[in-house]
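Observations on the model geometry
Next come the chains, spelled out residue by residue.
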Amino acid sequence: MENICVLLTYPVPEYLVQKLEKRFTVFKFREVASNPQLLREISNSIRAIVGTSVCGADAGLIDALPKLEIVASYSVGFDKIDLVKCKERGITVTNTPDVLTDDVADSAIGLALATLRRMCVCDRFVRSGKWKKGDFELTTKFSGKSIGIVGLGRIGSAIAKRAEAFGSSISYHSRSEKPESNYKYYSNIIDLATNCQILFVACALTKETHHIVDRKVIDALGPKGIIINIGRGAHIDEPELVSALLEGRLAGAGLDVFEHEPEVPEELLGLENVVLQPHAGSDTVETSVAMSDLVIDNLEACFQNKPVLTPVI
Ligand SMILES: O=CC(=O)O
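Just so you know, these numbers come straight off a predicted model, no measurement behind them.

Reading guide: rules and limits
Residues numbered from 1 in each chain as written. Predicted model: local features only at pLDDT ≥ 70, side-chain atom pairs only at ≥ 80, totals over all residues. Heavy atoms only, no water. Axes fitted to C-alpha atoms, helices over the stretch in contact; angles between N-to-C directions. Helix = DSSP H or I, 4+ residues; strand = E, 2+ residues; numbered from the N terminus. Parallel < 35°, antiparallel > 145°, perpendicular 65-115°, else oblique. Left-handed = near helix turned anticlockwise from the far one by under 90°. Contact = heavy atoms within 4.5 Å. Nonpolar A, V, L, I, M, F, W, Y, C, P; charged D, E, K, R; others polar. UniProt positions renumbered as here; feature names shortened; annotations may be inferred. Pairing = 2+ DSSP bridges. Buried < 20%, exposed > 50% of the residue type's maximum accessible area, 1.4 Å probe, protein only. Polar contact = N/O pair within 3.5 Å; in protein donor to acceptor, adjacent residues only side chain to side chain. Expected span 1.5 Å × (residues − 1). Right-handed = clockwise from strand over helix to strand, strands pointing away. Core = buried A, V, L, I, M, F, W, Y, C linked by side-chain atoms within 4.5 Å. Domains from an automatic or database assignment. Buried area = accessible area lost by both parts, 1.4 Å probe. Salt bridge = Lys/Arg side-chain N within 4 Å of Asp/Glu carboxyl O.

Further remarks concern the packing of helix H1 (residues 14–23) against helix H13 (residues 285–303). Between H1 and H13, whose axes approach to 9 Å, the crossing angle comes to 20 degrees. Between H1 and H13, the angle falls in the class roughly parallel. Seen from above, H1 lies across H13 with right-handed handedness. Two secondary-structure elements touch here, H1 through Tyr15, Leu16, Lys19, Leu20 and Arg23 and H13 through Val289, Ser292, Asp293, Val295, Ile296, Leu299 and Glu300. The residue makeup of the contact of H1 with H13, split by class, is seven nonpolar, one polar and four charged.

Structure below.
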């Protein structure tokens, strides 16, 4: 397989780079993009793209690679891959579901706890020595709150399972009701937001879910409501979120993702009722190894003409 050329569109952990380089001829997009001559030379040889949640494969790149057979994403989300184009061209697309579910769900619960119990503010309180001058103010209880989950897929279900252990009542909104679930279903996200205290966003980003959390949803959640987003930044109308937080129309937010990441709205940086993470929901050593192994297994299966393990299409 050493002769098979793979284009890496975004930096991935060294473990995956090494595994790829052991098996394939690897080109890194950043190096190739700055060398148009090299790009022209290799465009006819690239048979696989390895992308991430940040940079996958858009129509322009796919068009430039006539021999492309597979886009293997080091991510569960595939919103950065032009699936229509891949389908047209008969290109296989794979992602890394399941192996990261626990980490992302853990992060979601961690963000909720950190936001309600103000853990980051508490940490700064201790470090700055302010504790010596008096105790920290009271925070808000997490256990027993009513939880609304947008998207009851693998990650949404894992969040629900964890929230159950906190005595939460759980309801959800998704495209259709899940007959296997005992949680209360709302076909309308505004009804879900009206009836919960903490709204977790855990669905895939599609045209339909772009800005699914808009001003109406935020206002339905109300001034005591909390939003936790471990999906994609574009699930939330970010300027609306920022103004709701500034105006006290929303109590707080725990955000792993942002609409224009790594750019984060300046106003959020000054707010103490938000907890911000750098899109790191699945970024643990253990899960990174599992995701990398799955990327490799998918590529090997594809080039051995076997069924890939986790096909998107
Ligand atoms: O955002 C992370 C992923 O899609 O895996």
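The next point concerns the UniProt feature "domain: D-isomer specific 2-hydroxyacid dehydrogenase catalytic" (unreviewed entry) in the protein chain. Mapped onto this structure's residue numbering, the UniProt feature "domain: D-isomer specific 2-hydroxyacid dehydrogenase catalytic" (unreviewed entry) falls at residues 6–312. Within the segment residues 6–312, helix and strand shares are 38% and 16% respectively, and the terminal C-alpha atoms sit 19 Å apart.

This part is about the sheet that holds strand S8 (residues 184–185). Pairing is parallel in the open sheet, where seven strands are placed in the order S8-S7-S6-S9-S10-S11-S12. Among the strands making up the open sheet, the edge pair consists of S8 and strand S12 (274–276). One ladder, built from four bridges, connects strand S6 (residues 146–150) with strand S9 (residues 198–201); its direction is parallel. In the sheet register, Val150 faces S9, and the bridge partner there is Val201. Where helix H6 (residues 101–116) meets the sheet, its contacts fall on S9, strand S10 (226–229), strand S11 (252–255) and S12, and the angle it forms with S10 comes to roughly 145 degrees.

A separate point is the side chain of Arg249. Of note, Arg249 is situated in the loop between helix H11 (238–246) and S11. The exposure class of Arg249 is buried, given its relative accessible area of 17%. One polar contact links Arg249 to Glu247, side chain to side chain, over a distance of 2.8 Å. Apart from the residues lying within four places of it in its own chain, the contact partners of Arg249 are Arg215, Ile218, Asp219, Gly222, Pro223, Glu240, Ser243 and Ala244.

Running from N to C, H6 and helix H8 (residues 154–165) cross one another at 55 degrees; their axes reach a closest spacing of 9 Å. Between H6 and H8, the interaxial angle falls into the category oblique. For the element pair H6 and H8, the recorded crossing hand is right-handed. Here Thr101, Asp102, Val104, Ala105, Asp106, Ala108 and Ile109 of H6 lie close against H8, whose contacting residues are Arg154, Ile155, Ala158, Ile159, Arg162 and Ala163. Residue composition of the contact of H6 with H8, by class: eight nonpolar, one polar and four charged.

Here H6 spans 23 Å end to end across 16 residues, near enough to the 22 Å set by a 1.5 Å rise per residue. Counting buried positions over the 16 residues of H6 gives 12, a clear majority of the element. Those residues of H6 that fall on the buried side of the exposure criterion are Thr101, Asp103, Val104, Ala105, Ser107, Ala108, Ile109, Leu111, Ala112, Ala114, Thr115 and Leu116.

So, about the pairing of S9. Here S9 shows no split at all, with Ile198 and Phe200 on one side and Leu199 and Val201 on the other all buried. Bridging between S9 and S10 involves four bridges; their strand directions are parallel. Bridge pairing in S10 places Phe200 opposite Ile228. In this fold, S9 hands off to helix H10 (residues 215–221), which returns the chain to S10; that crossover is right-handed.

With that settled, the discussion passes to the UniProt feature "domain: D-isomer specific 2-hydroxyacid dehydrogenase NAD-binding" (unreviewed entry) in the protein chain. Residues given the UniProt feature "domain: D-isomer specific 2-hydroxyacid dehydrogenase NAD-binding" (unreviewed entry) here are residues 109–281. Segment residues 109–281 splits into 32% helix and 16% strand. End C-alpha atoms: 11 Å apart.

This part covers the nonpolar core. Membership of the largest hydrophobic core comes to 51 residues, with the highest contact counts inside it found for Leu20, Ile149, Ile159, Phe200 and Leu299. Of all the elements, H6 adds the most residues to this core, at eight residues. Viewed by domain, this core spans two of them, domain 1 (5–95 + 286–304) and domain 2 (101–276), each represented by three or more residues. If we skip the residues at most four places from it in the chain, Leu299 touches Leu20, Phe24, Ala48, Val50, Ile70 and Ala72. Grouped together as the second largest cluster of nonpolar side chains are 28 residues, Ile189, Val213, Leu241 and Val274 included.

Annotation of the protein chain at the domain level lists domain 1 (5–95 + 286–304) and domain 2 (101–276). Inter-centroid distance (C-alpha atoms) of domain 1 to domain 2 is 32 Å. For the domain 1 and domain 2 pair, buried surface summed over both sides reaches about 390 Å², with 45% attributable to carbon and sulfur atoms. Of all residues in domain 1, Val76, Asp79 and Thr287 give up the largest surface area on contact with domain 2, accounting jointly for 74% of the area buried on that side. Ionic pairing is found between Asp79 and Arg232, a salt bridge with its closest N-O pair at 3.0 Å. Run the count over domain 1 and domain 2 and you get two residue pairs in polar contact (both at pLDDT 80 or more). Classifying every residue of the side of domain 1 that touches domain 2 gives one nonpolar, three polar and one charged.

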